[in-house]
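# Topology and contacts: notes
One letter stands for each residue in the lines below.
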Amino acid sequence: MSENQEKMIFVEDAAALGMDNPFKAHGSADDDEASVGDLSEEVLHEGKVFPQADADGKLEHFPGEGKDGDKKNSIKGTHSVIGSGIESLKYLYSMGLLVFSLVIVLSAMFSSQTVGTSTMGIPPVAAFFIFCFLVCWLAMMEGGQGALVGLQPVDKTLYAESHPRSLKNTQLAHKGDNMERFIIGRQFLVVLVVFISNMMASSVAGAEVLGLPSGVTKVFLDSGVALILVMIMLGQLTAQVNAANCMLDFINNFFMLFTTYVSLFIEMSGLLHSVYLVQMFFAKLTGKPVESNEPPRSGAMNLLFWGRVLLSLTVLGYAFAVTLAALFQEKTTMWNGVPSAVSVVVFFVLMCFVGMMEGMQIALFAVVNLPEEELKNHAMAHKTCQLCFRDQNLQAFLIGRQICVTVCMFVVARITTLNVTVGQGNIFGVSDGLQNFFNTGLLGAIITTIVGSLAWRIVASSFPVAFLSNPLVYLIIRLCLMLEKSGVCSASWVLARYHKPLVNYQPDEVHLEGAEPHGSEPVTRRDKDIDRLVTVFKFLYSLGLLAFALIMVMAAIFTGQSSAVSKGIPAIAAFFIFWFLICWLAMMEGGQGALVGLQPVDKSLYAESHPRALKNTTLAHKGDNMERFILGRQFLVVLVVFVSNMMASSVTGAQVLGLPSAVNDIFLGTGIALILIAINIGQLTAQVNAANCMLDFVNNYFMLFTTYVALFIEMTGLVHSVYLVQLFFSKVTGTPIESKEEPRTFIQNIFFWARVLMSCLVLGFAFAVTLGALFQEKTTMWDGVPPAVSVVVFIILMCFVGMMEGMQIALFAVVNMPEEELKNHAIAYTNCELTFRDQNLQAFLIGRQICVTVCMFVVARITTLNVVIGEGNMFGVSDGVQAFFNTGLLGAIITTIVASLAWRIIASSFPVAFLSNPMIYLIIRLCLLLEASGLCSAAWVLGRWNKLMVGFQPDEVYLEDAPRHTKAPVTRRDKDIDVTVTVVKYAYSLGLLVFSVMVVLAAIFTEQTKISSQSHPLVAFFLLLFVICWLAMMEGGQGALVGLQPIDKELYAESHPRALKNTKLAHKGDNMERFIVGRQFLVVLVVFVTNMCAAALPGTEVLGLSDAMLQIFVGSGLATILMTIMLGQLTAQVNAANCMLDFINNYFMLFTTYVSLFIEYSGLLHSVYLVQIFFAKISRQPIATNEPPRSPVQKTFFWVRVLFSVVILVLSFAVTLGALFQQKTTMWAGVPSAVSVVVFFVLMCFVGMMEGMQIALFAVVNLPEEELKNHAMAYKTCQLTFTGRNLQAFLIGRQVCVTVCMFVVARITTLNVVVGDGNIFGVSDGLQNFFNTGLLGAVITTIVGSLAWRIIASSFPVAFLSNPIVYLIIRLCLMLEATGVCSAAWLLALIHKDIVGYQLDEVFVGTSEQRAAAAKKEGELDLEEADADVDEPVTP
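Residues numbered from 1 in each chain as written. Predicted model: local features only at pLDDT ≥ 70, side-chain atom pairs only at ≥ 80, totals over all residues. Heavy atoms only, no water.

### Notes on the overall build of the chain
Convention followed: In DSSP terms, a helix is any run of H or I states spanning at least four residues, a strand is any run of E spanning at least two, and both are numbered starting from the N terminus. Our radius of gyration is a C-alpha quantity, and the globule rule it is checked against amounts to 2.2 Å times the number of residues to the power 0.38. Each residue's exposure class comes from its accessible area (1.4 Å probe, protein chains only) as a fraction of the maximum for that residue type: buried when under 20%, exposed when over 50%, partly exposed otherwise. Methods summary: accessible areas were calculated by the Shrake-Rupley approach with a probe of 1.4 Å, and residue burial reflects only the protein chains presented. Counting rule for charge: Lys and Arg are taken as positive, Asp and Glu as negative, and neither His nor the chain ends is counted. Positions of charges follow a simple convention, taking NZ of Lys, CZ of Arg, CG of Asp or CD of Glu.
Tallying secondary structure elements over the chain gives 66 helices and two strands in all. Over its C-alpha trace the chain gives a radius of gyration of 39 Å, about what one expects of a compact globule, namely 35 Å for 1436 residues. Seen through its principal axes, the chain has C-alpha atoms that stretch 115 × 105 × 90 Å. Here the chain holds 1436 residues, and 55% of them are scored as buried. Of the roughly 60700 Å² that the chain leaves accessible, carbon and sulfur atoms contribute 65%. Positive and negative charge centroids in the chain, built from 87 and 108 side chains respectively, lie 4 Å apart.

### Remarks on a nonpolar patch on the surface
Threshold: Within this analysis, patches are made of residues with over 30% relative accessible area and no salt bridge. Like charges are joined at 9 Å or less; nonpolar side chains (Val, Leu, Ile, Met, Phe, Trp, Tyr) at 5 Å or less. Every case where a carboxyl oxygen of Asp or Glu lies within 4 Å of a side-chain nitrogen of Lys or Arg is listed as a salt bridge.
Together, Tyr-318, Phe-428, Leu-434 and Phe-437 make up a nonpolar patch on the protein surface, roughly 370 Å² of accessible area in all. Mapping Tyr-318 onto the fold places it in helix H13 (residues 299-328). On the accessibility criterion, Tyr-318 (34% relative accessible area) is partly exposed.

### A look at helix H45 (residues 972-1005)
The criterion, for reference: Helix span, as expected, comes to 1.5 Å for every residue beyond the first.
End to end, H45 covers 49 Å across 34 residues, agreeing with the expected 50 Å (1.5 Å per residue, within 8%). Glu-1007 occupies a position one or two residues after H45 and carries a positive phi of about 55°.

### What about the pattern of salt bridges?
Tallied over the entire structure, the rule returns 14 salt bridges. Put simply, Arg-497 and Asp-531 hold a salt bridge, and the shortest N to O gap is 2.9 Å. One end of the pair, Arg-497, is in helix H22 (residues 491-503); the other, Asp-531, is in helix H24 (residues 525-558), with 34 residues separating them in the sequence. Note that Arg-904 and Glu-805 form a salt bridge whose closest N and O atoms lie 2.8 Å from each other. Linking Arg-904 in helix H40 (residues 889-909) with Glu-805 in helix H35 (residues 787-813), this pair joins segments that are 99 residues apart in sequence.

### Description of the side chain of Asn-645
Rules: Contacts were defined at the residue level, with two residues in contact if any of their heavy atoms lie within 4.5 Å.
Positionally, Asn-645 belongs in helix H28 (residues 625-648). The residues touching Asn-645, leaving out its near neighbours within four places in the chain, are Ser-563, Leu-674, Phe-857, Ala-860 and Arg-861.

### Some details on the environment of Val-1083
Positionally, Val-1083 belongs in helix H49 (residues 1071-1094). What makes Val-1083 buried here is its relative accessible area of 6%. Separated by 95 residues in the primary sequence, Val-1083 and Ile-1178 place their C-alpha atoms 30 Å from one another. Beyond its immediate sequence surroundings of up to four residues, Val-1083 is in contact with Leu-1031, Met-1034 and Glu-1035.

### With respect to the packing of aromatic side chains
Selection rule: What counts as a ring pair is set by centres within 6.5 Å for rings of Phe, Tyr and Trp (its six-membered ring), and what kind of pair is set by the plane angle: stacked under 30 degrees, edge-to-face over 60, tilted for all other angles.
All told, the structure shown has 52 aromatic pairs when counted by the stated rule. Considering the side-chain rings of Phe-110 and Phe-128, the 5.4 Å spacing of their centres and the 45° angle between planes classify their relative orientation as tilted. Linking Phe-110 in helix H3 (residues 81-110) with Phe-128 in helix H5 (residues 124-150), this pair joins segments that are 18 residues apart in sequence. On the basis of relative accessible area, Phe-110 is assigned to the partly exposed category, the value being 42%. When its relative accessible area of 22% is taken as the criterion, Phe-128 is described as partly exposed. Ring geometry for Phe-575 versus Phe-576: centroids 5.2 Å apart, planes at 80°, classification edge-to-face. Look at Phe-575 and you get partly exposed, because its relative accessible area is 22%.

### Focus: the environment of Leu-774
Looking at where Leu-774 falls in the secondary structure, it is placed in helix H34 (residues 746-775). With 517 residues separating them along the chain, Leu-774 and Leu-257 place their C-alpha atoms 65 Å apart. Apart from residues no more than four positions distant in its own chain, Leu-774 is found in contact with Thr-779, Pro-787, Ser-790, Val-791, Phe-794 and Ile-862.

### With respect to helix H30 (residues 672-690)
Which entries qualify depends on this criterion: Given a residue, its bend is the angle between the two axes fitted to the seven residues that end at it and to the seven that start from it.
When the terminal C-alpha atoms of H30 are compared, their 26 Å separation across 19 residues agrees well with the 27 Å that a helix rising 1.5 Å per residue should span. At Leu-684, H30 is deflected by roughly 35°, the largest bend along its length. With 17 of its 19 residues buried, H30 lies for the most part within the structure.

### Side note on the packing of helix H9 (residues 225-245) against H22
In plain terms, the rule: Every axis in this analysis is a line fitted to C-alpha atoms, fitted for helices over the stretch in contact. Angles between the N-to-C directions lie between 0 and 180 degrees. Throughout, the term roughly parallel applies to angles under 35 degrees, roughly antiparallel to angles over 145, roughly perpendicular to angles from 65 to 115, and oblique to all others. The hand of a helix crossing depends on one turn: near helix anticlockwise from the far one by less than a right angle means left-handed, and clockwise means right-handed. In this classification, the charged set is Asp, Glu, Lys and Arg, the nonpolar set is Ala, Val, Leu, Ile, Met, Phe, Trp, Tyr, Cys and Pro, and all remaining amino acids, among them Gly, are polar.
The contact between H9 and H22 brings their axes to 8 Å, and the two run at 60°. For the element pair H9 / H22, the angle class is oblique. As H9 packs across H22, the resulting crossing turns out to be right-handed. Each of Met-233, Leu-234, Leu-237, Thr-238, Val-241 and Asn-242 in H9 lies in contact with H22, whose residues at this interface are Ala-491, Ser-492, Trp-493, Leu-495, Ala-496, His-499 and Lys-500. Looking at the contact of H9 with H22, its residues break down into eight nonpolar, four polar and one charged.

### Describing the environment of Leu-468
Along the chain, the position of Leu-468 falls in helix H20 (residues 464-468). The class for Leu-468 is buried, based on a relative accessible area of 0%. For Leu-468 and Leu-364, which are 104 residues apart along the polypeptide, the C-alpha to C-alpha distance reads 7.7 Å.

### Quick word on the confidence of the model for the chain
Here is the rule: Confidence scores here are pLDDT values: one per residue, from the predictor, ranging 0 to 100.
For the chain, per-residue confidence averages 84 on the pLDDT scale, and 92% of positions sit at 70 or higher. Note that residues 1-78 has pLDDT below 50 and, in this model, 233 contacts with residues that lie over four places away or in other chains.

### Observations concerning the packing of H28 against helix H33 (residues 721-733)
Following both chains from N to C, one finds H28 and H33 inclined at 125°, their axes separated by 12 Å at the closest point. For the element pair H28 / H33, the angle class is oblique. Where H28 approaches H33, its residues Glu-627, Arg-628 and Leu-631 are matched on the opposing element by Val-722, Tyr-723 and Gln-726. For the contact of H28 with H33, a count of residues per class yields three nonpolar, one polar and two charged.

### Thoughts on unusual backbone geometry
You will see that Leu-210, though not glycine, has its phi angle at about 55°, which is positive. Residue position: Leu-210 is located in the loop between helix H7 (178-201) and helix H8 (214-222). According to the relative accessible area criterion, Leu-210 is exposed, its value standing at 54%. Phi is positive for Asn-504, which is not a glycine, with a value near 60°. With respect to the secondary-structure elements, Asn-504 resides in the loop between H22 and helix H23 (508-512).

### Digging into the state of the cysteines
What makes a disulfide is a covalent bond joining the sulfur atoms belonging to two cysteines. For clarity, the threshold we go by: The disulfide criterion used throughout: a pair of cysteine sulfur atoms within 2.5 Å.
Overall, the coordinates contain zero disulfides when judged by the stated rule. The thiol of Cys-246 is not disulfide-bonded; the next cysteine sulfur, from Cys-136, is found 18 Å away. As a non-bridged cysteine, Cys-1382 has Cys-1297 as the owner of its nearest cysteine sulfur, 10 Å distant. Among the residues examined, Cys-1382 registers a relative accessible area of 7% and is labelled buried.

### Describing the side chain of Thr-896
In plain terms, the rule: Think of a polar contact as two N or O atoms within 3.5 Å of one another; within protein, one of them needs to be a possible hydrogen donor and the other a possible acceptor, and neighboring residues in sequence only count if both atoms come from side chains.
If you trace the backbone, Thr-896 turns up in helix H40. Residue Thr-896 is classed as buried on the basis of its relative accessible area of 0%. A distance of 2.6 Å separates a polar atom in the side chain of Thr-896 from the backbone oxygen of Ala-892. Sequence-distant contacts of Thr-896, defined by excluding residues within four places in its chain, comprise Gln-634, Phe-635, Val-638, Val-719 and Leu-901.

Here it is in structure tokens:
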């Protein structure tokens, strides 16, 4: 096997994988390149992650945020689509958790199932308001302290005028030692608020809300998780995020002043003065004086101070006595069933745990400026600091610590809050009043504040290095990092992002340095991530709505519950008519924008490239045809909307899919489902693509047909009455009507006016018929609406639609008007200001499109006649005419002329007067709101996919020779869409994986798999766990060994000693080739064993799943396959691709290497070398080797093993085929033996081709293109594979395909013979047991289905790729990867990498460029030394 061949075999393991067009309006998302969306500034103050911390460890700036004005010290970072997808996923699930938690907490409260409402008898409304107040107060305390600390060095005169209440706060807090007093008092206040919040909102035992399963209520309510999440995100992190940069605005209120006074009062009361005793003790111990900003105390002050210290000690001792007594008597709110001794132990453990977390923060900031050499003398402390200050770990630790502390506080509150029935066994026999006081939880708050917080802070600040030398501190930091990484509280950043502009907080630089105020635009990278989250969320829910609407409408059509079917049109005909109309609507909507936009473009530039587009533009741009086209098209659009409504609108009372009647009424009854389809698919999607790909969009005969139809409609004179309106306003304004044609002749004038007269008559008749039908209630108007109301709604909607049609014209008419002139018209000026602000114009046009379409459908519903022909025909007309009336054509005429074209003319004639209507302002606001809702955001996603599918290119590609667009995102919106797709893939792939693992484990533990049924479930479970881990080591390990071949081993000899042992063994001589051969058999064998451990037996039933689900996931083996691919292959390959050294730096990989080499050495697979030698002779290529020629003894041994392998292979085939023909394998029941054999050989070939394709593709990668072009099919295959990211996608899809086939082959070839009852060929029972292991099938699959095909492909790569089936297989692999079915592997790889601490190889050995530079430098030095040796004079 050649050196190139052995490297190619598993290369995948090391591979790093128009005015009328609202979408033409300016948008930053379209200006930004795709990378800009992620390459944004995360500005951090003074270039430090955490610039300043007080003695208490509180930061001037909250983790991750900084003073954004400090541009000189910005940190830039990028997110890949995958990284952005993960961030968005975190925000989404955190927001979902928060909303869910809030809902169930409030549900428990309002159903009187909380301690406050149930046990204490507080009314739910009162409990709700108390709880809300406490959350707000906690937020004020958390953010306020950071602000007061951060403002200490700021000159107060700078904000005395702008922030008078902030000044009062800082003057009070910064006076003398008040800051220290405030922190102590505030700490108690925080604990007290947590305790009271717990009392108000924690649920009673057995609470049930919203009909949720008991498991869910136990997890979220009983454990307190829901309440904890609400308090952390709403009451702490959100406030801290905004207070970090907007300190002045945050505390510029009397609520903060009240909080400061309360905190100082608590400290002054002496309740916590015992902490000063601890402070003085450690001051004496360390010999450091206690710092103070005040003169020494007088005698009286000293007396008062020590009196309060004594009081505090007494209260603390009494608090401990009462709390411990209540715990031992089980009279607290501790969870039922916990023994009293355990409660006490847990209480003290939590005190220590909270204390360590409080102290760690102080200790870390105390050693931050300590010389590293001094810190290295304390190994554990140094290791802890290294972990904490690496990358952004400090920020992550502080956030995780906040979560941990709050969780522990709530648990402590649960443990220490007394729950004594007053008057029945009062603690120490105290009075009822005192017992009520004890039940408030105040005593627990005192203990927690002093013993679980302040005391530990003092210890940590006195002995920081000793504190950090505790191994537990290291483990706690790891826990905090993991908590933050989970993103469980990421919703705080989202809330802060929207809270900030809502209350108009501005960064302090705006007030102190005159910096530019912040608007709604993102400032930091996190802001952009959050904005992306909102965009992703809009895309997701809009796509969900559209899919749901589509399913409902189709269900209504095919169940005969649509208007068309009720009129006798067959469902299938209605279906095709509906979709033809939607496609035609899309062509009209996009086509008009394209024809308008192409007017100024020289037609010779695209005459050759787009001949059909040229025909379209030549026709449309001739004379006044553009105006005629617009008139005819407008009627055509309305007509299509009317007919679509007739085809797909549901009949009254329609019920589909077994959905609740309310859902049917909302989506079908109101027509919302149909409207969403028409807007998203029939309008906006087309407009999105036609905006920039005008030439491609109209380069078809369907658009030419549409243009002719629109011009024909205009020529008929049906809408000519609009010209009368045009002439009237032309006379009124004195503005001549512009025309590109010669004046009409006399005959043309007669013909024109005859059509105007006919149009007026038709319009009048249409009104008469429509109004007559409305008053007689003979339209498709919803039942129960009085005729008078229908008429009024009809007229209002006509005016509303008309105003929206005219607004667009009026806005563009005044766009170049001098601002001073426009200011004379206040309302018009306000409307223009609102519309042209930021991205409002684009948003308005999209919202307007939604509004107009909704109204059109409602008008269609109102005006479409529903007269039973022959029974009360309108005005006694014939049945034929009545049938014509029922089409809705008359309503379409009225809507086109009266509700659209006429208003456009008015608006273009009097634009300023039109915009001076106050209603316009409200309509603009409505449109902006509709667009902001993201209701139709799915159109952007569909537009991107449609563009890729049909290969649309921007016009610049043809007109200016710009680069062609590929699948890669071009704009920020493109990237947002890709992120959305990534999020969906991650979510559903992860869900599939979790479900698959559950199904497999359920089958194992119910003894419904082969091994678990024959031994014990635990044996099957642990064997499965081992082989999955081993498979992961093999898959990732091979890639690492191949990838490390060119790396100098000295670079990692010290850092990775076990990796060195692996590479020395594998890279010695031809061992790499031997390892690959042996490992391939090992992989196949592991797949076979996995199949035996996890594949369910026939008739398996688990988890109460339906038959269909059992058939899909259990019967087919899909659950086992998904689990194996994601856990045992892709996850390992992802990490091993870039962390090769860390991945193989273990003895497990060394063991795997030895086993693989032993398998190859055994000769079991040596028949593959026969194939290699045969093709080496045919192709006349010598077999490359890194070893000397074999000796005669070695040759003899080699050929003996080849012969042995051939015999084994033949025996394997004989046994396997014999078992197949006797139907004695684990093949699915009911499959004929002949079919099983055929499928077996087909799969062998299919797997073999996929194995060989990879080798062949890399073999031709450096082949001259001209030579490859001589082989058309091979060239086409290579073009497909090496385009964009297709290679990476193919390798992933190939991995999925191969594994699926391996499992099927394992199912086909694993023998299932009852030992002793018809043994194959009458062999002994022992040998039959051996056959039943599946080893023979593994031998066949390895040699015939893998290695042999690789050799063929490496010998004749071009011929191999010229097979048309190879092209189809690549397409299949690309499609499989695109589904994202295994995308969870990327997420698992990221989590795994973080947990085990893998580092990129560049960290240890440098980049390839750095290694090349070092080698070059070393070579130059050697050359200089050589020159020096030559020049050195010879001493005689």
